Amino acid sequence: MGIFYDEAQRVFHLRGKDVSYVLGVVRQGYLAHLYYGKGIREFAGSNGLTFIKRDFSPSVGIGDETFSLDSLPQEYPQYGNTDFRKPAYQVKGADGTTISDLRYDSHRIFAGKVGLDGLPATYVERDGDADTLEITMVDAVLGLRVILQYTVFEAENVIARSARFVNEGQEALQILKAASASVDFKDSDYDLLTLPGAWGNERQVERAPLRHGMQSVDSVRGGSSHQQNPFVALLGKHATEDVGEVYGFNLVYSGNFEASVEVDQFATTRVILGLHSFNFDWKLESGTEFQTPEVVMVYSDTGLGGMSRQYHRFYQKHLVRGVYRDQTRPILVNNWEATYFNFTEEKILDIAKVGEKLGMELLVLDDGWFGKRNSDKSSLGDWFVNAEKLPNGLKNLAENVNNLGMKFGLWFEPEMVSVDSDLYREHPEWCIHVPNRAKSESRNQLVLDFSREDVRTEITRRMVAILEEVPVSYVKWDMNRHLTEVGSAHFPSDRQQEIAHRHILGVYSVMDAITTRFPDILFESCSGGGGRFDPGMLYYMPQTWTSDNTDAVSRLKIQYGTSLVYPIVTMGSHVSSAPNHQVGRLTSLEMRGNVAMSGNLGYELDLTTLTDAEQKIVKQQIATYKEMRQLIQFGDFYRLKSPFEGNETAWMFVDEAKTECYVFYFQVLATPARPLQFVKLAGLNEAAQYQLRGTEQIFGGDELMYAGIKVPTALIGDFQTVSWHFQLK
């Protein structure tokens, strides 16, 4: 059992592999946070709660000026009862006030983990993998019951948290804020790490010291967004890639979110993560429940690298699902940057023929195969075959690709509708909109209202019709605009601020229906590239298109930042043409290949225009990747040199048994009088001997890690790369 309860002290101790999380019931039923960090055998209160009088911190009740929620580290802080810091939740009662006062009522501890109704969440395959604590808190005046859920995974340094609201009163309540987790740290001696970005420049790494007041990242775009990721980490001041304490927080959700970090007057730190409270108001009728998404908290005392590898292993085992969870992913060619909308059946088959000759395994037909879609101005929602482009039908094309020895993949954008479409002309009320307001377009499209069951049913029906007829092995599920004029013609006025969340729940519902019905299809999520690279998507689809920006140099930072949280096997990474279509940069095929091989390898260029020399390089890349695919996609990942800190990037992959590793090195720009370069490896067996493939050279694991390996001085010019493959001797 990973959860221990001291009844006399009313203290709960959650123990993971090497982490402890301690909380307790104090005074009149308040739930206090006591410790979170390196695993300890037991908590006896050596650094327990301190109660002293604080000026301008009101006391709870009368007679004890030392007890104020304003200075108490809490588990799920509330508004209006002596705590002036940001609350984790806020509820409006029938009298219009927003004061609440949750007190401990009961708890239960059980083996295993239960799912969250309508939401993606981490899971266990057997009850022995985890233990769960549910603490019930009650506000008797409101008739509100809140169940705080904690799951500790005993073989991991992972704790998953969420909250469930139950209205047991006679009157409806309004939930104005409902975070999934809140943690109060005793000090503020941390740096905050976040992953901001933009379209084509996702998940850049920013690190800055905490300061007094509020720091936050969020999205109100209706999706987790390119601009921010639902992840934050607190790092000890001296934490690096390899050493120091790191606390990671990641929300399993794909819509509006907020992660806030507040340093108060006493230099304590409060981290809150969950649904965004902006434009959110959930009417909780008597007898109904509301479930928040889940936060996955990871503790590491071996730096950012230790945190990342825990997230990677944990998500692969306890978040990603389906037949592809543990299977290597196919090498694909996507026609998008090769043809855009201007393709014929013959052109697609020509690309497939070259791809098969070079060793590729999957042909993906991207946007433009349906309706009258010859540009991005029409036909989204009309999921029937464009007979002008494909006169013999989509099924015939897929079968011809299959006959070449390749699988067939298809692009969809199910959540969108074009104004110029039969679907919109039939049902203009089916888009997200506010009556009497203009409908903003982005990419000439509107967002279908997935909060409506009739919309979900019809889109599911249309997709099923295609997928049942056509032998599709892979689906790229795209989403190319964010939500504006958020409203629904289907819901009454007092439910309109629920629509953003209801829409995401609807998206999850359709994804669940489609992926369950077609378990043998490999689904890849996409949102203009990396606009929804979050754990919620990974629950339904085991990989995500990392970014629409396929430039190799840009991808160094994008893939590096993404790897802080998300497994390598979840990252789609393609070789595209040069000059690059997004930034115009001219890089070598070798550079593009090594970057793309550091994820799920694919190609997105016109293979029919490759020279013989280029085809030879691509064929060798594919052969190498097939040999190393298991290692790259499922091995332990180590970041060696950061593109955010200099001109070089290096990373490597090591198998679990430490018998093999593959190392990539990249130099962005040539520099005069360049110093001699070397790379120190990581994650090897110090006592083992490793042979460099293709040579007779043998090195000790300790030498490779502490002395390093020389970078060849022959790397002259911009955008250079080299790789090393070591195997146990």
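Residues numbered from 1 in each chain as written. Predicted model: local features only at pLDDT ≥ 70, side-chain atom pairs only at ≥ 80, totals over all residues. Heavy atoms only, no water.

- As annotated in an unreviewed UniProt entry, the protein carries the name Alpha-galactosidase and is attributed to Listeria newyorkensis.
- Under the UniProt heading Catalytic activity (unreviewed entry), the note attached to the protein is "Hydrolysis of terminal, non-reducing alpha-D-galactose residues in alpha-D-galactosides, including galactose oligosaccharides, galactomannans and galactolipids."
- Quoted verbatim from the Sequence similarities (unreviewed entry) heading of the UniProt record, the comment on the protein is "Belongs to the glycosyl hydrolase 36 family." (UniProt positions renumbered as here; feature names shortened; annotations may be inferred.)

Let's talk about the overall build of the protein
Okay, so step 1: Helices and strands together make up the secondary structure of the protein, namely twelve helices and 38 strands.
Okay, so step 2: Taken against the 2.2 N^0.38 rule, which gives 27 Å for 729 residues, the C-alpha radius of gyration of the protein at 27 Å falls within 12% of a compact globule.
Okay, so step 3: Projected onto the principal axes, the alpha-carbon positions of the protein cover approximately 85 × 70 × 45 Å.
Okay, so step 4: Out of the 729 residues belonging to the protein, those deemed buried represent 62%.
Okay, so step 5: For the protein, restricting intrachain contacts to residue pairs at least 6 apart in sequence, the fraction spanning at least 24 positions comes to 69%.
Okay, so step 6: Carbon together with sulfur atoms contributes 48% to the accessible area of the protein, which is approximately 27,000 Å² in total.
Okay, so step 7: Averaging the positions of the 72 positive and the 95 negative side-chain charges in the protein gives two centres separated by 2 Å. (Helix = DSSP H or I, 4+ residues; strand = E, 2+ residues; numbered from the N terminus. Rg over C-alpha atoms; globule rule 2.2 N^0.38 Å. Buried < 20%, exposed > 50% of the residue type's maximum accessible area, 1.4 Å probe, protein only. Contact = heavy atoms within 4.5 Å. Areas by Shrake-Rupley, 256 points an atom, 1.4 Å probe, with all protein chains shown as cover. Lys, Arg positive; Asp, Glu negative; His and termini not counted. Charge placed at Lys NZ, Arg CZ, Asp CG, Glu CD.)

With respect to the domain arrangement of the protein
Okay, so step 1: What the domain assignment reports for the protein is domain 1 (3–319), domain 2 (332–634) and domain 3 (648–728).
Okay, so step 2: The C-alpha-based centres of domain 1 and domain 3 are spaced at 41 Å. (Domains from an automatic or database assignment.)

As for the sheet that holds strand β3 (residues 19–26)
Sheet strands pair via backbone hydrogen bonds, and the direction of the pair is either parallel or antiparallel.
Okay, so step 1: Spatial ordering of the open sheet is given by β1-β2-β3-β4, a layout of four strands whose pairing is antiparallel. Edge positions in the sheet fall to β1 (3–6) and β4 (30–38), since each has one partner strand and no second. Each adjacent strand pair in this sheet contributes to an overall mean axis angle of 15°, direction not counted.
Okay, so step 2: As paired strands, β1 and strand β2 (residues 11–15) are joined by four bridges and run antiparallel to one another. The partner of Phe4 across the bridge, within β2, is His13. (Pairing = 2+ DSSP bridges. Axes fitted to C-alpha atoms, helices over the stretch in contact; angles between N-to-C directions.)

Topic: empty space enclosed by the protein
Okay, so step 1: Within this structure, the stated rule accounts for five cavities of 30 Å³ or more.
Okay, so step 2: The computed volume of the largest cavity comes to approximately 90 Å³.
Okay, so step 3: Along its surface, the largest cavity is lined by Tyr30, Leu31, Gln74, Glu75, Tyr76, Pro77, Gln78, Leu102, Met137 and Leu148.
Okay, so step 4: Of the residues in the lining of the largest cavity, the class split is seven nonpolar, two polar and one charged.
Okay, so step 5: There is about 80 Å³ of room inside the second largest cavity.
Okay, so step 6: Every residue along the wall of the second largest cavity is listed here: Lys113, Val114, Leu116, Thr132, Glu134, Gln149, Thr151, Ala160, Arg161, Ser162 and Glu294.
Okay, so step 7: Listing elements by their share of the lining of the second largest cavity, those giving two or more residues are β7 (130–139), β8 (144–153) and β9 (158–167). (1 Å grid on protein atoms, 1.4 Å probe; cavity = no way out; pocket = protein on both sides within 12 Å on 5 of 7 lines; lining within 4 Å. Points joined across faces, edges and corners; volume = space filled by probe spheres on them. Nonpolar A, V, L, I, M, F, W, Y, C, P; charged D, E, K, R; others polar.)

Notes on the nonpolar core
Okay, so step 1: Core analysis: the largest hydrophobic core is formed by 182 residues, its most contacted members being Phe165, Trp369 and Phe408.
Okay, so step 2: Counting residues per element, this core draws most heavily on strand β10 (residues 173–185), at seven residues. (Core = buried A, V, L, I, M, F, W, Y, C linked by side-chain atoms within 4.5 Å.)

Topic: the pairing of strand β20 (residues 294–300)
Okay, so step 1: Within β20, seven of the seven residues are buried, which leaves the element mostly enclosed by the surrounding structure.
Okay, so step 2: By the alternation rule, side chains of β20 split into Glu294, Val296, Val298 and Ser300 and Val295, Met297 and Tyr299, which are all buried.
Okay, so step 3: Two strands pair when backbone bridges link them, and β9 and β20 are joined in this way by four bridges, in the antiparallel orientation. The residue bridging Ala160 from the neighbouring strand is Val296, located in β20.
Okay, so step 4: Sheet analysis places strand β15 (residues 246–252) next to β20, joined by seven bridges and oriented antiparallel.

A short note on the pattern of salt bridges
Okay, so step 1: Under the counting rule described, the total for this entry stands at 47 salt bridges.
Okay, so step 2: Two residues, Arg103 and Asp101, come together in a salt bridge whose shortest N-O distance is 3.0 Å.
Okay, so step 3: On the basis of relative accessible area, Arg103 is assigned to the partly exposed category, the value being 25%.
Okay, so step 4: Taking relative accessible area as the criterion, Asp101 reaches 22% and is therefore assigned partly exposed.
Okay, so step 5: Notably, a salt bridge pairs Asp367 with Arg373, separated by 2.9 Å at the nearest N-O pair.
Okay, so step 6: You can call Asp367 buried: its relative accessible area is 0%.
Okay, so step 7: By relative accessible area, Arg373 is classed as buried at 0%.
Okay, so step 8: Sharing partners across several salt bridges, the network here consists of Lys283, Glu285, Asp494, Arg495, Glu498 and Arg502. (Salt bridge = Lys/Arg side-chain N within 4 Å of Asp/Glu carboxyl O.)

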